[in-house]
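Chain by chain, the residues run as shown.
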Amino acid sequence: RTFYKMDENLMIDYVEKYLNCFPKKKYTFVKTHFQYNENFLSTLNEKNFKSLVIFRDIRDVMISRYYHIMSDKKHWQHKLLKNLPEREGFIKSLYCKTDLYPAKEFLEPIKYYFNWIKNWLKAEKDTNVKFLWYEDYINDPIFFISEMLNFLNFNEFDANKIENIISKKREKYRTIPLNKKLNRVGKNVSTFRLGSTGYWKKIFDEKTSKFFFEHLPGNIEEVLNKKI
């Protein structure tokens, strides 16, 4: 698919132009980190698009982000963190701005990701939106994929076969360092690093936990999977 320009603000301002890139007689999916926007979502609903929103424990999100930064020399926080001890670097990744920050307005990463989850949760009653949690995929991948297929009315597909393909691809990617996966071309780009859940427990000592929870803009229970 050839898109107008994959810029979040432009997508919001020119929704119709963006959606016209989707052929009407072909299946298309787009994987994004798009923030919740009520007007944009309303337009998607009017055209009968369906949205799958996948959340993850914000503690693991922020740790995965830290390792991503350490592997990506082009990231705006990389130079700031690269020579710091792990926990110190992780803490700084949560809030520090550098001269390389690309946006006009700065929001501390820990606040940005908290708000990303909390704001999307506003769409909980939207029948064209399906909420899923990454932890549920790890616990029961077949059920997780089946939930997606049922929501999309793709019942002709087999969840077991899909998971088998995903699993083989994941094992292949495990052998490639993250810094190399980030620099691959087109659809071969991957940010996959570590698929485990609860990894934050290995990083969160008393000091790290204290800083993390003091800088959250709300109660962590607001953005966690209540089933876990």
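Heads up: the structure comes first, above all this text.
Residues numbered from 1 in each chain as written. Predicted model: local features only at pLDDT ≥ 70, side-chain atom pairs only at ≥ 80, totals over all residues. Heavy atoms only, no water.

Caption draft 1: The arrangement of the layout of surface pockets in detail. Approximately 360 Å³ is the volume attributed to the second largest pocket. If you go around the second largest pocket, you meet 16 residues; those closest to its centre are Glu124, Phe131, Trp133, Asn225 and Lys227. Those elements giving two or more residues to the lining of the second largest pocket turn out to be strand E2 (129–133) and helix H9 (141–152). Looking at the lining of the second largest pocket, the element that brings in the most residues is E2, giving 5 residues. (1 Å grid on protein atoms, 1.4 Å probe; cavity = no way out; pocket = protein on both sides within 12 Å on 5 of 7 lines; lining within 4 Å. Points joined across faces, edges and corners; volume = space filled by probe spheres on them. Helix = DSSP H or I, 4+ residues; strand = E, 2+ residues; numbered from the N terminus.)

Caption draft 2: Seen up close, the packing of helix H4 (residues 58–71) against helix H6 (residues 86–93). Running from N to C, H4 and H6 cross one another at 105 degrees; their axes reach a closest spacing of 10 Å. In terms of axis orientation, H4 runs roughly perpendicular to H6. Judged by residue contacts, Met62, Ile63, Arg65, Tyr66, Tyr67 and Ile69 of H4 engage Glu86, Gly89, Phe90 and Ser93 from H6. (Axes fitted to C-alpha atoms, helices over the stretch in contact; angles between N-to-C directions. Parallel < 35°, antiparallel > 145°, perpendicular 65-115°, else oblique. Contact = heavy atoms within 4.5 Å.)

Caption draft 3: Structural context of H4. The end-to-end C-alpha separation of H4 is 20 Å, in line with the 20 Å expected for 14 residues at 1.5 Å each. For H4, the tally of buried residues reaches 11 of 14 residues, placing the bulk of the element in the interior. Among the residues of H4, Ile58, Arg59, Asp60, Val61, Met62, Ile63, Ser64, Arg65, Tyr66, Tyr67 and Ile69 are the ones counted as buried. (Expected span 1.5 Å × (residues − 1). Buried < 20%, exposed > 50% of the residue type's maximum accessible area, 1.4 Å probe, protein only.)

Caption draft 4: Region of the structure containing the environment of Phe212. Along the chain, the position of Phe212 falls in helix H13 (residues 206–215). Remark: the alpha-carbon pair of Phe212 and Arg59, spanning 153 residues in sequence, is separated by 8.6 Å. Setting aside residues up to four positions removed in sequence, Phe212 forms contacts with Ile58, Arg59, Met62, Phe90, Leu94, Ile110, Phe204 and Ile220.

Caption draft 5: Region of interest: the pattern of salt bridges. Tallied over the full model, the rule gives 8 salt bridges. Two residues, Glu16 and Lys47, come together in a salt bridge whose shortest N-O distance is 3.3 Å. Pair noted here: Glu16 is in helix H2 (residues 15–19) and Lys47 is in the loop between helix H3 (38–46) and strand E1 (51–55), with a separation of 31 residues, a long-range link. (Salt bridge = Lys/Arg side-chain N within 4 Å of Asp/Glu carboxyl O.)

Caption draft 6: Structural view of the nonpolar core. Grouped together as the largest cluster of nonpolar side chains are 39 residues, with contacts concentrated most on Ile58, Phe90 and Phe212. With 7 residues, the next largest nonpolar core counts Tyr137, Phe144, Ile145 and Leu149 among its residues. (Core = buried A, V, L, I, M, F, W, Y, C linked by side-chain atoms within 4.5 Å.)

Caption draft 7: Quick peek at unusual backbone geometry. A positive phi angle, near 65 degrees, is found at Asn48, a position not held by glycine. With respect to the helices, strands and loops of the structure, Asn48 is situated in the loop between H3 and E1. Although it is not a glycine, Asn153 adopts a positive phi angle of roughly 60 degrees. Note on placement: Asn153 falls in the loop between H9 and helix H10 (159–174).

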